Amino acid sequence: MDLPVVVGVDGSEPSLRAVDWAADEAVLRGAPLRLVYASLWERYEGESLTDDLTKPSEELMAEDVVDIAAQRAHRRQPGLKVTTDLLPEEPEYALLHESGEAAALVLGSRGRSGFVEMLLGSVGLTVAALAHCPVIVLRGSHDNRVRTGSGGRIVLGVGGKEAVDFALREAELRGAEVDAVRAWRAPARETTDHPLLAGEPARLHEQQASDTLEEALSEVPEKVRVHRRTVEGPARQVLLAASHTADLVVVGARRNTGHFGLQLGRVAHGVLHHAACPVAVVPELTGVR
């Protein structure tokens, strides 16, 4: 069974734009769409309504939210299989659980009441840092319209294999080009013992970046056009600059399976804060240390 594309909804405009984006993504993948709303309404309203046959007011509102979202998805992509669910849980825990059985998890950049908090609030950070599947946060759209970038440009911050594979697949599905970027920096103070550093201190770092690019992109689908770039400068700033002309930025988030806590990384964190287009954060497992 194909894993669904999951989108967190709360009735806000950003979350409805996420529904549009996720519906398009589901069709591209030939996957179903799953819409979820999470809240602890049972904790706050359940006891007072124990003897009342009516549903808690927030549960009724949540039903309206997912119904409206489902209607929007069907208008966007008629024929798409859409399922909905109301989850009486903390939003971050609900979304992390959903990510274990999802092809991708799509979130708006900010939410109505904490479901997808303002960009990188606790929910957005936790989900992006700990999800088991790629998390796509819809940055950069402020006109209530969604753009999936069919035939456009995907910027890839080259790091781990999982992010590379995700970007290449997205490009193949969309008929897009990939701008594969590897940033490098020469430390202000470093030894010149290495022969390449003796005459030109930066050359070794640039060559290492180029070698990393070639190794990471050794297996590119024939239909995907890839532009390889090494750029001197902080990776976060390089990717943010590239995001202004991109349809999607893809970055990896290293997950050390032996550690707990947020493991998002400074580059992914910064791109999620400030990118001018949607951002996909792809988990990269590094093993136990």
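As shown above, the structure is provided for reference.
Turning next to the overall build of the protein chain. Along the backbone of the protein chain there are 10 helices and 10 strands. Expressed as a percentage of its 289 residues, the buried residues of the protein chain come to 49%. Nonlocal contacts in the protein chain, meaning residues at least 24 apart in sequence, comprise 76% of its contacts between residues at least 6 apart. A total of about 14500 Å² of accessible surface is found on the protein chain, and carbon and sulfur atoms cover 49% of it.

We now examine the pairing of strand S4 (residues 104-108). For a regular strand, side chains alternate in direction, first toward one face of the sheet and then toward the other. Across the 5 residues of S4, 5 count as buried, placing the element largely inside the fold. Side chains of S4 alternate between two faces, with Ala104, Val106 and Gly108 and Leu105 and Leu107 buried alike. Where strand S1 (residues 5-8) lies against S4, 3 bridges are found, and the strand directions are parallel. Bridge pairing in S4 links Val7 to Val106. When S4 meets strand S5 (residues 135-138), the two strands line up parallel, connected through 4 bridges.

Below, the discussion takes up the side chain of Arg29. Structurally, Arg29 is set in helix H1 (residues 13-29). The buried category is assigned to Arg29, whose relative accessible area is 15%. Among the polar contacts made by the side chain of Arg29, one reaches the side chain of Glu25 at a distance of 2.7 Å. Here the side chain of Arg29 touches Glu170 through a polar contact of 3.2 Å, side chain to side chain. Excluding residues within four positions of it along the chain, Arg29 makes contact with Val5, Ala103, Phe166, Arg169, Glu170 and Leu173.

What counts, and where the lines are drawn
Residues numbered from 1 in each chain as written. Predicted model: local features only at pLDDT ≥ 70, side-chain atom pairs only at ≥ 80, totals over all residues. Heavy atoms only, no water. Helix = DSSP H or I, 4+ residues; strand = E, 2+ residues; numbered from the N terminus. Buried < 20%, exposed > 50% of the residue type's maximum accessible area, 1.4 Å probe, protein only. Contact = heavy atoms within 4.5 Å. Areas by Shrake-Rupley, 256 points an atom, 1.4 Å probe, with all protein chains shown as cover. Pairing = 2+ DSSP bridges. Polar contact = N/O pair within 3.5 Å; in protein donor to acceptor, adjacent residues only side chain to side chain.

All quantities given are derived from atomic positions and should not be read as evidence of function.
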